[in-house]
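So the chains spell out like this:
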Amino acid sequence: PGKVNSAGAEDSPFILPDGDTLYFFFTPDVSVPVEKQLLDGVTGIYVSHKINGEWADPQRVLLQEEGKLSLDGCEFVSGDTMWFCSVREGYTDIHWFNAEYRDGSWKNWREADFNAGFQVGELHITSDGTELYFGSARPGGKGKMDIWASKKVNEEWQEPINISIVNTPDDEGWPAISPDGMELWFYRNYSIWRSKKQNGEWQEAEQIVSTLAGEPSLDRNGNLYFVHHYYIDGKMIEADIYVSYRK
């Protein structure tokens with residue numbers, strides 16, 4: 001409910017634990033090439049706040065100096081820190097950045113402290129800040145994209161470990177850890193899957209939401225936010241954000 005979704009594409013939802021702040025990526029026309037999205041002045045990260053049970057008008061999150069180009073997305077927020085991926089002036093290909101929330105806006109963006117060899121894709125960091133989960137096609141996996149995890153020791157991210165129990169020869173990615181750290185949600189084969197942690201170990205995953213759903217995000221009450229893509233004749237024409245409430 002509210003003003004988040006439009007005739008364009010809303011993607012990459014990220015809900016804060018309190019359930020009242022929603023970040024997402026927006027582009028008005030998915031048929032437009034990325035290099036033109038970079039120039040359209042509207043494609044990027046947005047945020048909406050829930051007011052009286054309804055999502056208010058989204059506001060664009062600006063993460064670049066005025067007059068310079070950037071195409072930002074795949075946002076993750078913890079406290080006053082945002083991680084986001086970006087294609088921008090002065091850099092080649094996609095890089096990960098951090099930004100700090102100060103005085104009502106995001107500022108002081110800089111490259112994130114990930115080893116470039118990790119090949120970090122869409123990511124999620126646990127609530128205690130000690131574990132980084134991400135999707136990557138880096139060598140050593142089960143095939144295509146897998147889910148990997150890295151632990152932070154002495155302020156440094158350690159060599160990632162393949163979460164083999166949830167990975168298959170197909171694509172797995174876009175992980176999200178529940179705020180209590182006991183559930184791992186992720187994308188596989190155009191669906192959303194969940195693995196539960198028992199005795200400190202992840203268990204085999206089960207499918208929760210079926211076809212054409214992805215990029216899960218959960219609030220502390222277990223409500224599931226995700227993106228649903230619309231296709232006609234095999235071509236994506238739009239994407240919207242949905243929520244499934246946990247009862």
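Residues numbered from 1 in each chain as written. Predicted model: local features only at pLDDT ≥ 70, side-chain atom pairs only at ≥ 80, totals over all residues. Heavy atoms only, no water.

Novice: I'm lost on the side chain of E10 in this one. Help?
Specialist: For E10, the location among the structural elements is in strand β1 (residues 9–15). Despite its burial, E10 pairs with no opposite charge, the nearest such side chain being R60 at 13 Å. Only 2.5 Å separates the side chain of E10 from the side chain of S6, close enough to count as a polar contact. Non-local contacts of E10, meaning those with residues more than four positions away in its chain, are made with V4, N5, F24, F25, F26, V227, A239, D240 and I241. (Helix = DSSP H or I, 4+ residues; strand = E, 2+ residues; numbered from the N terminus. Buried < 20%, exposed > 50% of the residue type's maximum accessible area, 1.4 Å probe, protein only. Lys, Arg positive; Asp, Glu negative; His and termini not counted. Salt bridge = Lys/Arg side-chain N within 4 Å of Asp/Glu carboxyl O. Polar contact = N/O pair within 3.5 Å; in protein donor to acceptor, adjacent residues only side chain to side chain. Contact = heavy atoms within 4.5 Å.)

Novice: Looking at this structure, I do not really get the packing of aromatic side chains. What am I missing?
Specialist: Given two aromatic rings, one states the distance between the centres and the angle between the planes to describe the pair. Taken as a whole and judged by the stated rule, the model has 13 aromatic pairs. Judged by centre distance (6.4 Å) and plane angle (70°), the ring pair of Y23 and W106 falls under edge-to-face. With a gap of 83 residues between them, Y23 in strand β2 (residues 21–27) and W106 in strand β9 (residues 105–111) connect regions that are remote in the sequence. The burial state of Y23 is the same as that of W106; both residues are buried. Here F76 and W83 contribute two aromatic rings whose centre-to-centre distance is 5.6 Å and whose plane-to-plane angle is 50°, an arrangement assigned as tilted. A relative accessible area of 2% places F76 in the buried class. Clustering of aromatic rings is evident, with ring pairs tying together F14, F76 and W83. A cation over an aromatic ring shows up here: R88 above the ring of F97, its NZ or CZ 4.8 Å from the ring centre. Here the guanidinium or amino end of R188 rests over the ring plane of W193, the centre of that ring lying 4.2 Å away. (Phe/Tyr/Trp six-rings, centres within 6.5 Å; stacked < 30°, edge-to-face > 60°. Lys NZ or Arg CZ within 6 Å of the ring centre and 35° of its normal.)

Novice: I tried to follow the layout of surface pockets on my own but got confused; where do I start?
Specialist: Rolling a probe over the atoms, with the probe sized like a water molecule, indicates the empty space that remains. Considered as a void within the structure, the largest pocket measures approximately 1200 Å³ in volume. Lining the largest pocket are 44 residues, with C74, C85, I94, E122 and W174 positioned closest to its centre. With four residues, the single largest contributor to the lining of the largest pocket is strand β6 (residues 70–78). The class makeup of the residues in the lining of the largest pocket is 24 nonpolar, 14 polar and six charged. The volume enclosed by the second largest pocket comes to roughly 600 Å³. Together, 29 residues line the second largest pocket, and L16, Y23, V77, G79 and W106 are the ones closest to its centre. (1 Å grid on protein atoms, 1.4 Å probe; cavity = no way out; pocket = protein on both sides within 12 Å on 5 of 7 lines; lining within 4 Å. Points joined across faces, edges and corners; volume = space filled by probe spheres on them. Nonpolar A, V, L, I, M, F, W, Y, C, P; charged D, E, K, R; others polar.)

Novice: For this particular structure, what's the right way to read the pairing of strand β16 (residues 183–188)?
Specialist: Looking along a regular strand, one sees side chains alternate from face to face of the sheet. The element β16 is extensively covered by neighbouring structure, given that six of its six residues are classed as buried. Hairpin connection, strand β15 (residues 172–177) to β16: the antiparallel pair is bridged by five residues, and G181 has positive phi, about 80°. Across six bridges, the pairing between β16 and strand β17 (residues 191–198) is antiparallel. Paired with W185 across the strands is R194, a residue of β17. Linking two consecutive strands that pair antiparallel, namely β16 and β17, is a turn of two residues; a positive phi of about 50° is found at N189 within it. (Pairing = 2+ DSSP bridges.)

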